[in-house]
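Residue-level listing of the chains:
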Amino acid sequence: MSEPSLTPMMQQYRELKARDPEALLLFRMGDFYEMFGEDAERGAALLGLALTTRDKDKGPNALPMAGFPHPALESYLAKLVQAGQRAAVCEQVEDPRFAKGLVKREVVRVVSPGTLTDEALLDPKAANYLVAVVEVKGKLGLAWVEVSTGQFSLTGVSRTELADEVARLNPAEALVSELSLDAPWVRTLRAQPGLAITTRPSWDFQAEQARKALHDQLGTTTLTGFGVDDEAIEVRAAGALVAYLRETQKSSLGHLTRLAPYRRADTMALDEMTRRSLELTRTLREGKREGSLLQVIDRTVTPMGARLLADWLTTPLTRPDLIAARHEAVAELARDPSLRNDLRDALGEAYDLERLAARAATGRAMPRDLVALGKTLALLPRIKARLTARRSRRLSELETALELCPEIRAEIAAALVESPPLPLKEGGLIKDGYHPELDELRETARGGKSWIAKYQAEQVRRTGIDNLKVGFNQVFGYYIEISHAQARGKTIPADFIRKQTVKNAERYITPELKEYEDRVLKAEDRANALEYELFLTLRDRVAAEAPRLVQAGGVLAQADVLRGLAELAVKQGYCQPEVVAEPVLEIEAGRHPVLDAVMPPGDFVPNDTALGPDAGTILLITGPNMAGKSTAIRQVALIAILAQMGSFVPASRARVGIVDRLFARVGATDELSRGQSTFMVEMTETANILNNATPQSLVILDEIGRGTSTFDGISLAWAITEHLHDRVGCRTLFATHYHELVELEKTKPRLRNANVAVLESEGEIVFLHRIVPGGADQSYGIHVARLAGVPAPVLDRAREILAFLEKQHGPDPGHPSGPIRKVKTGRALQNSLFAALPDPLLDALRQVDLASLTPEAALDLLKRLRELAG
Ligand code: ADP
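Each value, and the rule that gives it
Residues numbered from 1 in each chain as written. Predicted model: local features only at pLDDT ≥ 70, side-chain atom pairs only at ≥ 80, totals over all residues. Heavy atoms only, no water. Helix = DSSP H or I, 4+ residues; strand = E, 2+ residues; numbered from the N terminus. Buried < 20%, exposed > 50% of the residue type's maximum accessible area, 1.4 Å probe, protein only. Near = heavy atom within 4 Å. Polar contact = N/O pair within 3.5 Å; in protein donor to acceptor, adjacent residues only side chain to side chain. Areas by Shrake-Rupley, 256 points an atom, 1.4 Å probe, with all protein chains shown as cover. Nonpolar A, V, L, I, M, F, W, Y, C, P; charged D, E, K, R; others polar. Pairing = 2+ DSSP bridges. Contact = heavy atoms within 4.5 Å. Axes fitted to C-alpha atoms, helices over the stretch in contact; angles between N-to-C directions. Salt bridge = Lys/Arg side-chain N within 4 Å of Asp/Glu carboxyl O. Phe/Tyr/Trp six-rings, centres within 6.5 Å; stacked < 30°, edge-to-face > 60°. Lys NZ or Arg CZ within 6 Å of the ring centre and 35° of its normal. Parallel < 35°, antiparallel > 145°, perpendicular 65-115°, else oblique. Left-handed = near helix turned anticlockwise from the far one by under 90°. Arc of directions from axis to C-beta.

K.L.:
Outline unusual backbone geometry, listing residues and values.
P.N.:
For lysine 137, which is not glycine, the phi torsion reads 45° and is therefore positive. Looking at the secondary structure, you find lysine 137 in the loop between β7 (130-136) and β8 (139-146). Residue classification places lysine 137 among the exposed positions, given a relative accessible area of 82%. Of note, the phi angle at asparagine 170 is positive, near 50°, even though the residue is not glycine. Within the element layout of this structure, asparagine 170 appears in the loop between α4 (159-169) and β10 (173-177). Under the relative-accessibility criterion, asparagine 170 is labelled partly exposed at 40%.

So, in C-alpha cells, the structure goes:
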C-alpha cells in the first residue's frame, strides 16, 4: 500500500500500533473504539463484531475495520482477555473541541491476561499470575507476580520443575525473551492450558538491566535483604516482570514492594500429575472446583482467604516448626467458638483489601473501591482486639502485623459519600464539609434560586416596579423583564442594559446579574472538577499506604484461612495430626475428606493405615474393582497433604512423618492421555517416580500397569514394587486388582498385604470398604460386571472363559516362584487365548461356502448366527 495516501489519523494509528505490534489496538474515535487491518479481523472474530472497511471505494485493498461503542469497553476487554489477548486502549487525550488539527491520542492502558486489576475481569477466589521465565546456560529462572495483590516471588528451576511450578501457579500469561522462543522449555509453557505467551525484548532479561529494574522498584541497592542473591538467574525473570508491568500499567506500582524467594525445600513437592490425580483444586474428569479437595475444605469468608487457602493447599510445608505454628493456631480457634464466630462475622463484612489496595496503587481504584476499602479498615480494630492475648504464636504474630491505618480510614470516611456514583467527573463524590472551596462552589450552584429572589426583590424596591421579574433563557442567560405597562412613568436605572424586546415587555441585563450568572454556571463545573481532583489526591494518599494495606490484607487472609480450617475441623470431626520427622504414617479411623463430606454422615467406612520402619513401608492392597482400594490409598495422601498444609485431618488420630515429595498416579484408564499412548504416559510417569522418590517420599500407585496386557502389567507392577521396596524404601501404597502380587510379601520383609473385606453369600457380594490384613485371593470382576448391568449372556460367557483359563493355566497365573518368570510366555499366551477357545459362532461362520450362498440362504444364515449369539 502506498504510504503517502495515509490520512494524518491513520499515520497516528500506525505509529501507536508500531510501539506494541502484538497487542490489539483499540483506537478511540469519537464514541467508538475501532480496530484496523489484522487487528480488526482478529478482534471481529473474537468479539463477534461485523467486519467493515474504512474506505469502501478501494475494493479489495480497503482496510478492514471493526469497532464498538465506548460504553461496551469493559465487557469487550473481558472477552479479549479471556481469549488470551493483550489489548492496548488508546484514548483521545485532549478535548476534540479545543484540538488544533488532529486530536492527540495515547495508549492509556494495556490490558493483558496476566496484568489484570479490574474486579470485573478477575475471579475473586483465584490468584491471577503473570510469570516470566529465563534461561542462562541451561539453567532456568522463574518469577511470578500477582499484580492485583502485589504478591511477587521467584525461584530457580529445572525443566521438569518448571512444568510442575507452572501447573501449580496456573498463570494467565508468561513473558519470554524474543531470543528464547524456540527453546525446548517454551513448549512446556505452550502445553499449559489457557496460558498466553508474550514475547519481550531480550534486554529486559539481561542481568544488569533486570537488577536495575528491581532495585528501582523495591527501593533498594541489593536484594539480599529479601534473601535473594542479586546474581541469581531468576532475578532476570523478576526484572523482566517489573519492566513489563511498568509499561503496561502506566502507573506506579506502589504495592509491589516485597520480593519473596520461594524455597522449594520448605514445601512438599507435588508434581502436576499428582495434583491432578488427587483432585486438589479441580476434579480430574471435568476440571471443576466442585468436588475437589479445595472446595470441600474451603470455609473462608473472604476472597483473599479463599486465594490463600488454595495457595496453602498446593504448597504444603515440610518444616515441622512452620506446620506446628499453623496447627496450634487452628487448635486455639477450634477450642474457642466465640472467637471463631466473632472473627467470621467481622471478616464476613470485609472486602478484598489486597486487591483494593493494589487498585489504589496502580491508580485504578474508583470511588466505590475506596469506600469499600474504608469500610474494611473500619473492621480492623475489632479484628485486632479479638486477636490480642492469644496463646498460639501465629495468632499473636498476626495481631502484631495488623496495622490499623486509622488515618487512611478517617480520610476516606471524611471525604467520600456513602455510595458514590460511578462516573468520576460528574460530581457527587465528596461529602459536604470536607473542603471549604468545594462547599462554597456548591453553595453558589445550589444557592442560585435564593440569590435570584433576593436580587429581584432588591430591584423591585430600587425601581418601584412591582412585577419586575428575573428570568433565564438559553440565548443570553439571566435577564430582568419589565412589561411595557409597568415601565410607563418609571425610570429604568442606568445599569440596566436593554437586550431584547418581546411582546409587551423589555428584557435587560445588568453587570451584577452577568457576574453572578458566570459564577453560578461555572460553579458546578468547577465543583465537579475540584471533586475529581480531591478524589485523585485521596487515591494517591491511599496508594502511598499500599504496602501497609496489602499487609493488612495478608493478615486478614491468614486469619480467615486459620479460622476456616478450625471451623472445618470442628464441623467435620477432624483431629490435630502429630507431625514428626521419622518416615511414618499412622492413621486411625481415617476418612477420605471429599467422600466423607458428600456422603450421608456415618456412611463412610473409616480405615486405619500404618506405614513405617516397623509397620512396613509398602502396603499392597488387592481386591476387586469398586471395593474401595483407590479411595483408601488416596485418603492417606490427602491426609498427609492436609496435615502439612496446617490443617487438621479426617481421622481419630494421625501421626504424619514429614513427606518431602508426594507422588500419586491413578491407573491409565482413568486418565485420558494427551496424544501419547496411555501406557507410554503411565510408564513415563512411573519412571519419574522411580527416579525421584526419596526415603522421605510418599508414593500412591493405583492400578499401575493396566494400560498393557495382563501379564505385561503384572510383571511391571511386580518389578516396580520391588524397586520401591529394595532401592527407594519410601512409604508406598499400591492398590491393584492383580491379586498375583500378594506373593511379593513372601520375599519382601517391609511389604504388607491388605485387602478390602467382602461379604459373599449365595453368589451375591457386598463390599464392606474395610481394609483388612492379608491378600485378596479372588477376583470379583464378573460380579462387578453384573452389578454394572452387563447382560447375563456375556457374564455366562465370561465365566466359561474363566473356567477354561483356570483349567489351562492354573487358578493363579501369577504365582511365580521367582519374581516374574511367566513374563516370557505371557504375551504369546495373551494373544492365543481367544483363538484357542471353542466358539460355536465362529465354527458356524467358518463352515459357510460363500460361493454357493444364495441371498435367501444368506438371510437364513444370518438368522441362525443371531440365535447362536443369544
Ligand atoms: P476401587 O479402587 O477398589 O475400584 P474405589 O475406591 O474407586 O474402588 O471405590 C468405589 C466406590 O466405593 C467409591 O466411589 C465409593 O462410593 C465407595 N467407597 C469406597 N470406599 C468407601 C468407604 N471407605 N466407605 C464408603 N464407601 C466407600
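K.L.:
Report on the site of the ligand, specifying residues and quantitative values.
P.N.:
Of all residues adjacent to the ligand, which total 13 residues, the nearest are Val605, Met626, Lys629, Ser630 and Thr631. Valine 605 places a main-chain nitrogen or oxygen 2.8 Å from a nitrogen atom of the ligand. The protein chains hide 77% of the 560 Å² of surface that the ligand would expose on its own. Top contributing element to the shell around the ligand by residue count: helix α23 (residues 629-645), with three residues. By residue class, the composition of the shell around the ligand is six nonpolar, five polar and two charged.

K.L.:
Provide a residue-level description of the sheet that holds strand β3 (residues 52-53), including the pertinent values.
P.N.:
Here we have six strands laid out as an open sheet, ordered β3-β4-β2-β1-β5-β6, and mixed in their pairing. Strands at the two margins of the open sheet, each flanked by one partner only, are β3 and β6 (105-111). Relative to β6, helix α3 (residues 73-82) is tilted by about 50°, and along the sheet it contacts β1 (24-29), β2 (32-36), β4 (64-69), β5 (87-92) and β6.

K.L.:
Now, about the pattern of salt bridges: what can you tell me, with residues and values included?
P.N.:
Applying the stated criterion across every chain yields a total of 54 salt bridges. For aspartate 216, the salt bridge identified is with lysine 212, shortest N-O distance 3.1 Å. Of the two residues, aspartate 216 and lysine 212 are both situated in helix α6 (residues 207-218); the distance of four residues between them amounts to about one turn of the helix. The exposure class assigned to lysine 212 is exposed, which follows from its relative accessible area of 52%. Among the ionic contacts, a cluster of salt bridges with common partners joins Glu578, Glu582, Glu586, Glu588, Arg653 and Arg655.

K.L.:
Got a sec to walk through the packing of aromatic side chains? Specific residues and values, please.
P.N.:
Applying the stated criterion across every chain yields a total of eleven aromatic pairs. Measuring from ring centre to ring centre gives 4.8 Å for tyrosine 13 and phenylalanine 36, while their planes differ by 85°; the resulting arrangement is edge-to-face. On the criterion of sequence distance, the pair formed by tyrosine 13 in helix α1 (residues 8-19) and phenylalanine 36 in strand β2 is long-range, its members being 23 residues apart. Using a relative accessible area of 4% as the deciding quantity, one classes tyrosine 13 as buried. Here a set of aromatic residues connected by ring pairs shows up, and it is made of Trp451, Tyr455, Phe472, Tyr478 and Tyr516. The positively charged end of arginine 28 is found above the aromatic ring belonging to tyrosine 33, 5.1 Å away from the centroid. We note lysine 425 situated over the ring of tyrosine 532; from NZ or CZ to the ring centre the distance is 5.0 Å.

K.L.:
Now, about the packing of helix α11 (residues 320-335) against helix α21 (residues 546-572): what can you tell me, with residues and values included?
P.N.:
Here α11 crosses α21 at 60°, and the two axes come no closer than 8 Å. Looking at the two axes, α11 sits oblique to α21. Of the two elements, α11 crosses α21, and the hand of that crossing is right-handed. Each of Arg326, Ala329, Val330, Leu333 and Ala334 in α11 lies in contact with α21, whose residues at this interface are Leu562, Arg563, Leu565, Ala566 and Val570. Its residues assigned to classes, the contact of α11 with α21 comprises eight nonpolar, no polar and two charged.

K.L.:
Could you give an account of the packing of helix α10 (residues 303-314) against α21, naming the residues involved and the relevant values?
P.N.:
In contact at an axis separation of 8 Å, α10 and α21 are set at 70° when each is read in the N-to-C sense. When the interaxial angle is binned, α10 and α21 end up roughly perpendicular. Our pair here, α10 against α21, has a crossing hand that is right-handed. Contacts between α10 and α21 pair Met304, Gly305, Leu308, Leu309 and Trp312 from the former with Gly553, Leu556, Ala557, Gln558, Asp560, Val561, Leu562 and Leu565 from the latter. Class assignment for the residues of the contact of α10 with α21 results in nine nonpolar, three polar and one charged.

K.L.:
Requested: an account of the side chain of arginine 634, with residues and values cited.
P.N.:
Note that arginine 634 resides in helix α23. Arginine 634 gets classed as buried once you look at its relative accessible area, which sits at 15%. A distance of 3.3 Å separates a polar side-chain atom of arginine 634 from the backbone oxygen of serine 277.

K.L.:
Run through the pairing of strand β22 (residues 653-657), naming residues and quoting values.
P.N.:
Judged by how many residues are buried, β22 sits mostly within the fold: four of five residues are covered. Where strand β19 (residues 585-590) and β22 come together, four bridges link them in antiparallel fashion. Bridged to glutamate 588 within β22 is arginine 653.

K.L.:
Go over helix α5 (residues 184-191) with me, naming the residues and quoting the values.
P.N.:
For α5, the complete set of buried residues consists of Trp185, Val186, Thr188 and Leu189. Viewed end-on, α5 has its buried residues packed into an arc of 145°, placing them on one side of the element. Away from the buried face of α5 by more than 90 degrees, exposed residues Arg187, Arg190 and Ala191 are located. Turning to α5, the residues buried within the fold contact β7, β8, α4, β10 and β11 (196-200).

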